[in-house]
Amino acid sequence: KGPGLGTPTVRPTRPATMDLEGARAEAKAIQEALSADGDPDIPDLQERAKKVMDWALEFPGNRQRCSELASLEEHKGAAEPAEPSPTDAGDALGLAMEISDILAPPPEIAELEKRVRAVMDQDPSLDATERKKSLVYCDMELYRLRFTSRPHVARYLTSRRHAARESKAPAEAVAALGRAHPGIEAAISRLDALRKLLAFQSPTHSKLEQAQALVRNVLAVAWVVAAVPLMFAVSLLRITHPPLRKFGIHNGRLPLDLYQIYTARILLAILGVRVRFEGLSRIKRLRNDGLGTLGMFSHASNLDPIIVSAGPLAFKWVGKRVLFKVPVFGWIMTLWGHIAIDRKNLKKAKAAINETVVGKIRRWGRSIAISPEGTRSRQGRLTDFKKGPFHLAQTVKLPITPIFIKGAWQLNPPKGILAYPGRVLVDYLPAEHGEGTVEDMLVCVRRKLLKRAVEDDDHVADDVADQTRGEDDFSESHCDNALLLFGTLPFCFLWVLRMILRVLVGI
């Protein structure tokens, strides 16, 4: 079965005039016909491409290889053929698949669309429906990974990004590329449309829930405002970190690190967000050994940075520069040692990574947190990854720890104003040690997060409060006394400042 071309009804014989060079010439002629002015004769070009595909499938092993490449079951164990095809056979199949994809979308997309329609016809209020949507989304994204990893598709996407960024008329340049590659363009568009269909439904809240959330959010803002003077004051504690490290106190237990962790936990407690952490043994091992990691978290909610900061490892954050320009908030982030990058200027972003990020990691063994998606997911599900974080991983030679977050989008989506109480799961997945190319690491991390998204999630059900809490759990009740004491510190600090000012005024 050739992708996009169906199954031949009669086993063809290889034309005597067809060889690898002839197939390449035919492929070049088809692409030139697509790029020429005027409307190309698509049916005729598809028939010519079908002849190349039929010829390529006559090589030994190519039918099996083509079938496995088209399979949707790769995430369940399918792999490359045990005996790879000879070089000429592989080149022939790759060439045939290239011109096939350029002319028409692969038939697997139609199968995915059929599955999506079947899921969308079910009752959206049922938990089973949401789980089925997650399974289909995982299959779709795994297929998308395989499709976009094909060399000719990757080249097309790279050319499209370059045209959109560098051309004087980007819209016209991208449209011209699309006309020359109608099959690939249609495939990407249809996959994007499926993403939107499988997006999470916006949560609805009653008037009482909205009123309760409003009170909690006002209290959280009031506490942060009261804590601002103390946040500036404790930033001076950074000067104590080098001598404390000499006494064997590792990152995560340093004064400013503890303040960052407890600040995040008190905010979550005020908002009524209870977080369950899993895989803490992996992250604690890094902390206790004084080793760093590059934490890559799925980013769908405004609460994600606070949730990740509440964990046992005090991450330094890499964020867009515009956040650091926000008065007070941006100043505190700078004083606490977080890193700003200019995403609009690639050279400046690389310079910031090389000078600041690499320095913090190599000198102090710091762990860095960054979202490979680059921004919050509007649909609540995992979206495309940027390559920058993986280039960073290669530069700093740190293991990548994928951090899976579930449930935060429903509490505070990107366009949400109020954060609602609820339960969130954070799972520290096994580390990826940065071996291979940037593309290999990107695919591996993305596959891990996608697979985790469809695993059993009974631990975030409503009866989580009745479960036995182990060391891998964190909730409000775990550290009530510590949180109560910590929550009073900003007000005690303000009282001390008031007394000092009264004395100074009296003098």
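Bear in mind that the values here come from a model prediction, so they are computed numbers and not experimental data. (Residues numbered from 1 in each chain as written. Predicted model: local features only at pLDDT ≥ 70, side-chain atom pairs only at ≥ 80, totals over all residues. Heavy atoms only, no water.)

Here we come to the overall build of the protein. Scanning the protein from terminus to terminus reveals 21 helices and seven strands. Of all 507 residues assigned to the protein, the portion counted as buried reaches 46%. For the protein, restricting intrachain contacts to residue pairs at least 6 apart in sequence, the fraction spanning at least 24 positions comes to 76%. In the structure as shown, the protein presents an accessible area of about 25900 Å², 58% of it carried by carbon and sulfur atoms. (Helix = DSSP H or I, 4+ residues; strand = E, 2+ residues; numbered from the N terminus. Buried < 20%, exposed > 50% of the residue type's maximum accessible area, 1.4 Å probe, protein only. Contact = heavy atoms within 4.5 Å. Areas by Shrake-Rupley, 256 points an atom, 1.4 Å probe, with all protein chains shown as cover.)

What follows concerns the packing of helix 18 (residues 388–396) against helix 20 (residues 438–453). Between helix 18 and helix 20, the shortest axis-to-axis distance is 9 Å and the interhelical angle comes to 115°. The orientation of helix 18 relative to helix 20 falls into the category roughly perpendicular. Considering how the two elements wind past one another, helix 18 and helix 20 form a crossing that is right-handed. For the pair helix 18 and helix 20, contact is made by Phe390, His391 and Gln394 and by Val438, Met441, Leu442 and Val445, respectively. Class assignment for the residues of the contact of helix 18 with helix 20 results in five nonpolar, two polar and no charged. (Axes fitted to C-alpha atoms, helices over the stretch in contact; angles between N-to-C directions. Parallel < 35°, antiparallel > 145°, perpendicular 65-115°, else oblique. Left-handed = near helix turned anticlockwise from the far one by under 90°. Nonpolar A, V, L, I, M, F, W, Y, C, P; charged D, E, K, R; others polar.)

A few words on the packing of aromatic side chains. Applying the stated criterion across every chain, the model contains six aromatic pairs. A ring pair is formed by phenylalanine 297 and tryptophan 317, whose centres lie 5.3 Å apart and whose planes are at 75°; its orientation type is edge-to-face. Within this pair, whereas phenylalanine 297 is found in strand 2 (residues 294–297), its partner tryptophan 317 is found in strand 3 (residues 316–320), the two being separated by 20 residues in sequence. Under the relative-accessibility criterion, phenylalanine 297 is labelled buried at 3%. Taking the relative accessible area as the measure of exposure, tryptophan 317 reaches 10% and is therefore buried. Seen from the ring of tyrosine 262, arginine 265 lies directly overhead, with NZ or CZ sitting 5.7 Å from the centre. The ring of phenylalanine 200 carries the charged tip of arginine 381 above its face, separated from the ring centre by 4.1 Å. (Phe/Tyr/Trp six-rings, centres within 6.5 Å; stacked < 30°, edge-to-face > 60°. Lys NZ or Arg CZ within 6 Å of the ring centre and 35° of its normal.)

Overall, the coordinates contain 14 salt bridges when judged by the stated rule. In this structure, aspartate 139 engages arginine 115 in a salt bridge whose closest nitrogen and oxygen atoms are separated by 2.8 Å. On the criterion of sequence distance, the pair formed by aspartate 139 in helix 6 (residues 127–149) and arginine 115 in helix 5 (residues 107–120) is long-range, its members being 24 residues apart. On the basis of relative accessibility, which here comes to 8%, the residue aspartate 139 falls in the buried class. Looking at arginine 115, the relative accessible area reads 25%, which means it is partly exposed. In this structure, a network of salt bridges that share partners links the residues Glu141, Arg144, Asp192, Arg195, Asp384 and Arg446. (Salt bridge = Lys/Arg side-chain N within 4 Å of Asp/Glu carboxyl O.)

Next up on the list: the packing of helix 5 against helix 9 (residues 182–197). Helix packing for two helices is described by the angle between their axes and how far apart those axes are. Viewed as axis vectors pointing N to C, helix 5 and helix 9 meet at an angle of 15°, and their least axial separation amounts to 11 Å. Comparing their axes, helix 9 and helix 5 come out roughly parallel. Between helix 5 and helix 9 the crossing geometry is left-handed. When helix 5 is examined against helix 9, the residues Ile109, Ala110, Leu112, Glu113, Val116 and Met120 are found in contact with a partner set consisting of Ala187, Arg190, Leu191, Leu194 and Leu197.

Looking now at the nonpolar core. Core analysis: the largest hydrophobic core is formed by 50 residues, its most contacted members being Met140, Phe147, Leu294, Phe385, Phe390, Ile400 and Leu449. Among the elements that make up this core, the one with the highest residue count is helix 6 (eight residues). Residues contacting phenylalanine 390, with those up to four places away along its chain left out, are Met296, Pro372, Phe385, Ile400, Val438, Met441, Leu442 and Val445. Core analysis: the next-biggest nonpolar cluster, separate from the first, contains 39 residues, Ala227, Tyr259, Trp336 and Ala369 among them. (Core = buried A, V, L, I, M, F, W, Y, C linked by side-chain atoms within 4.5 Å.)

Here we come to helix 7 (residues 151–166). The first and last C-alpha atoms of helix 7 sit 22 Å apart over 16 residues, in line with the 22 Å expected at 1.5 Å per residue. Buried residues of helix 7: His152, Val153, Tyr156, Leu157 and Ala163, and no others. When helix 7 is viewed along its axis, its buried side chains cluster within an angular range of 135° and face the same direction. Set apart from the buried face of helix 7 by more than 90 degrees, the exposed residues are Pro151 and Arg165. (Expected span 1.5 Å × (residues − 1). Arc of directions from axis to C-beta.)

Among the seven residues of strand 7 (residues 422–428), six are classified as buried, and the element is accordingly described as predominantly covered. By the bridge criterion, six bridges tie strand 1 (residues 273–278) to strand 7 in an arrangement that is parallel. Residue pairing in the sheet places valine 273 in a bridge with glycine 422 of strand 7. One ladder, built from four bridges, connects strand 6 (residues 400–406) with strand 7; its direction is antiparallel. Along strand 7, the bridge assignment pairs phenylalanine 404 with aspartate 427. (Pairing = 2+ DSSP bridges.)

With that out of the way, let us pick up unusual backbone geometry. One non-glycine residue, valine 328, adopts positive backbone phi at about 65°. Following the sequence through the fold, valine 328 ends up in the loop between helix 15 (321–324) and helix 16 (329–335). Since its relative accessible area comes to 31%, valine 328 is described here as partly exposed.

A residue-level look at the protein finds 73% of positions with pLDDT of 70 or above and a mean pLDDT of 75. When pLDDT is averaged over each element of the protein, strand 6 comes out on top at 91 and helix 3 (residues 62–69) at the bottom at 57. In this model, residues 71–86 is a region of pLDDT below 50 whose contacts with residues beyond four sequence positions or in other chains number 26 contacts. Residue range residues 457–479 is modelled with pLDDT below 50. Its contacts to residues more than four positions away, or to other chains, number 45 contacts. (pLDDT = per-residue confidence, 0-100.)

What follows is about the side chain of arginine 452. Looking at the secondary structure, you find arginine 452 in helix 20. Taking relative accessible area as the criterion, arginine 452 reaches 5% and is therefore assigned buried. At 2.7 Å, the side chain of arginine 452 forms a polar contact with the side chain of aspartate 427. (Polar contact = N/O pair within 3.5 Å; in protein donor to acceptor, adjacent residues only side chain to side chain.)

We now examine the pairing of strand 2. Burial along strand 2 is two-sided: Leu294 and Met296 facing one way and Gly295 and Phe297 facing the other are all buried. One ladder, built from three bridges, connects strand 2 with strand 5 (residues 368–370); its direction is parallel. Along strand 5, the bridge assignment pairs methionine 296 with isoleucine 370. Pairing between strand 2 and strand 6: four bridges, direction parallel. By the bridge assignment, phenylalanine 297 is partnered in strand 6 with isoleucine 403.

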